[in-house]
Amino acid sequence: MTSHLKKVELHCHLEGAAPPVLTAAQARKYGVDISAQLRDGAYVWHDFASFLECYDKVSEVYRTEEDYALLTETYLDELAGINTIYSELIVSPDHGKRIGLGADAYISGICEGIRRAREKSGIEARLIVTGERHFGPESVVGAAEYAAKAGNPLITGFNLAGEERMGRVADYARAFDIARDAGLGLTIHAGEVCGAFSVADALDAVRPSRIGHGVRAIEDLDLVKRLADLGTVLEICPGSNIALGVFPDFASHPLRHLKEAGVRVTISSDDPPFFHTSLKREYELAAGAFGFGDAEIDAMTRTAIEAAFVDNETRKALLARL
Ligand SMILES: Nc1ncnc2[nH]cnc12
Ligand SMILES: [Zn+2]
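Residues numbered from 1 in each chain as written. Chains lettered and ligands numbered in written order. Predicted model: local features only at pLDDT ≥ 70, side-chain atom pairs only at ≥ 80, totals over all residues. Heavy atoms only, no water.

**Things to note about the side chain of Thr-301**
Reasoning step 1: Structurally, Thr-301 is set in helix α13 (residues 294-307).
Reasoning step 2: For Thr-301, a relative accessible area of 1% corresponds to the buried category.
Reasoning step 3: Among the polar contacts made by the side chain of Thr-301, one reaches the side chain of Tyr-283 at a distance of 2.8 Å.
Reasoning step 4: Discounting chain neighbours no more than four positions away, the residues touching Thr-301 are Lys-6, Lys-7, Val-8, Tyr-283 and Leu-322. (Helix = DSSP H or I, 4+ residues; strand = E, 2+ residues; numbered from the N terminus. Buried < 20%, exposed > 50% of the residue type's maximum accessible area, 1.4 Å probe, protein only. Polar contact = N/O pair within 3.5 Å; in protein donor to acceptor, adjacent residues only side chain to side chain. Contact = heavy atoms within 4.5 Å.)

This is the structure:
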């Protein structure tokens with residue numbers, strides 16, 4: 001049981017956390033036929049590409065500032081209910097633009113959701129703006145420019161998500177230069193769908209302090225040592241990896257191996273209802289499927305706080321709450 005443990009999440013895509021019941025209600029509200037993506041209370045996809053399509057389609061039923069405030073508040077309330085003290089949400093202004101809401105209103109709705117949730121439970125949250133690889137390098141630069149200029153104290157990081165098989169990391173390096181120059185924390189999806197080369201590319205071209213997933217680094221033990229030596233923090237999402245078939249089962253998942261090799265690891269849920277998981281389940285898996293004790297799980301949560309994209313005063317306050 002991990003219900004007594006304090007929790008932190010560094011890697012969750014906001015639209016990926018949309019509860020199916022809420023998405024169904026939103027689709028009804030806007031008269032959108034979502035039956036190809038949502039059936040019997042579950043999202044429908046069969047591989048990584050169709051997951052991304054499903055994700056983009058589901059995002060289209062969140063259309064107003066209030067829709068985004070409600071989505072954010074709903075997810076953060078769920079996290080607070082399981083003893084979570086800090087959450088970083090991956091948000092995509094491009095999704096706000098694509099439904100005609102615009103990036104500013106999109107972010108403003110999300111910030112209102114954070115405010116409401118924090119008022120109730122004290123949960124702290126920050127936003128990581130992401131570019132989507134499958135929207136192309138120019139749109140990723142646009143996302144970085146938006147994050148850099150937003151001047152919003154809750155936007156503290158930049159990420160690259162989406163179709164990892166599209167292009168190489170170097171094609172997106174300019175976006176990360178913009179984000180780095182603006183003082184944003186850097187993290188990047190790599191080594192999830194693509195192999196170890198993708199993690200090496202990310203280290204070479206981006207020099208991020210964190211990597212989303214990174215689990216396929218296990219295919220190259222020299223690279224695992226490089227990650228350990230650099231102190232790069234991996235945002236590991238075991239339930240997501242199994243659902244997407246990155247590894248056949250938890251017994252083959254490299255979380256424990258990476259940790260024992262000295263890599264700094266943390267656990268997150270990625271897109272919980274899409275992958276039939278939740279942060280609660282990920283902590284339970286850490287204890288059950290991976291056999292970590294409370295002290296080891298607390299150490300991963302501490303690593304997450306140490307690697308969080310927050311100012312030092314907030315970091316100290318979070319560490320004190322652990
Ligand atoms: N697991 C994932 N990998 C890459 N892009 C994503 N966008 C949402 N979830 C994602
Ligand atoms: Zn992700």
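Okay, back to it.
**A short note on the UniProt feature "active site" (unreviewed entry) in the chain**
Reasoning step 1: On the UniProt side, "active site" (unreviewed entry) is annotated at positions that read Glu-192 here.
Reasoning step 2: The residue Glu-192 is located in the loop between β7 (185-190) and α8 (196-206) in this model.
Reasoning step 3: Assessed through its relative accessible area of 5%, Glu-192 is described here as buried.
Reasoning step 4: When neighbours within four sequence positions are excluded, Glu-192 is seen to be in contact with Phe-48, Glu-164, His-213, Arg-216, Ser-240, Asn-241, Leu-244, Val-246 and Asp-270. (UniProt positions renumbered as here; feature names shortened; annotations may be inferred.)

**Focus on the coordination of the zinc ion (ligand 2)**
Reasoning step 1: Distances from the zinc ion (ligand 2) to its protein donors, His-11 (NE2), His-13 (NE2), His-189 (NE2) and Asp-270 (OD), fall within 2.0 to 2.3 Å.
Reasoning step 2: The site at the zinc ion (ligand 2) holds 4 donor atoms, and with the angles between them running 85 to 168 degrees, its shape is irregular.
Reasoning step 3: Spacing between the donor residues of the zinc ion (ligand 2) along the chain follows H-x1-H-x175-H-x80-D. Of the two residues, His-11 is situated in strand β1 (residues 7-13) and His-189 in strand β7; the sequence distance between them amounts to 178 residues.
Reasoning step 4: Relative accessible area serves as the criterion here: at 0%, His-11 is assigned to the buried category. (Donors = N, O, S within 2.8 Å, 3.2 Å for Na, K, Ca; no water. Tetrahedral: all angles 85-135°; square planar, octahedral: opposite > 155°, others 65-115°.)

**Let's talk about the UniProt feature "domain: Adenosine deaminase" (unreviewed entry) in the chain**
Reasoning step 1: Under the feature "domain: Adenosine deaminase" (unreviewed entry), the UniProt entry names residues 7-321.
Reasoning step 2: Along residues 7-321 the backbone is 49% helical and 17% strand, and the end-to-end C-alpha distance reaches 10 Å.

**Remarks on the sheet that holds strand β5 (residues 124-132)**
Reasoning step 1: The 8 strands lie next to each other as β1-β4-β5-β6-β7-β8-β9-β10, forming an open sheet whose pairing is parallel. In the strand order of this sheet, the two ends are held by β1 and β10 (264-267), each with one partner. Averaged over neighbouring strand pairs, the angle between their axes works out to 25 degrees when direction is ignored.
Reasoning step 2: Pairing analysis gives 6 bridges linking strand β4 (residues 84-91) to β5, with the strands arranged parallel. Paired with Val-91 across the bridge in β5 is Val-129. (Pairing = 2+ DSSP bridges. Axes fitted to C-alpha atoms, helices over the stretch in contact; angles between N-to-C directions.)

**Digging into the site of ligand 1**
Reasoning step 1: Taken together, His-13, Phe-48, Phe-51, Tyr-55, Ala-161, Gly-162, His-189, Glu-192, His-213, Asp-270 and Asp-271 are the residues near ligand 1.
Reasoning step 2: The contact in question runs from a nitrogen atom of ligand 1 to an N or O atom on the side chain of Glu-192, over 2.7 Å.
Reasoning step 3: Take Asp-270: an N or O atom from its side chain is 2.7 Å from a nitrogen atom of ligand 1.
Reasoning step 4: In the complex, 100% of the free accessible area of ligand 1, which totals 260 Å², lies under the protein chains.
Reasoning step 5: For the shell around ligand 1, the leading source of residues is helix α2 (residues 48-59), giving 3 residues.
Reasoning step 6: Tallied by class, the residues present in the shell around ligand 1 amount to 4 nonpolar, 4 polar and 3 charged. (Near = heavy atom within 4 Å. Areas by Shrake-Rupley, 256 points an atom, 1.4 Å probe, with all protein chains shown as cover. Nonpolar A, V, L, I, M, F, W, Y, C, P; charged D, E, K, R; others polar.)

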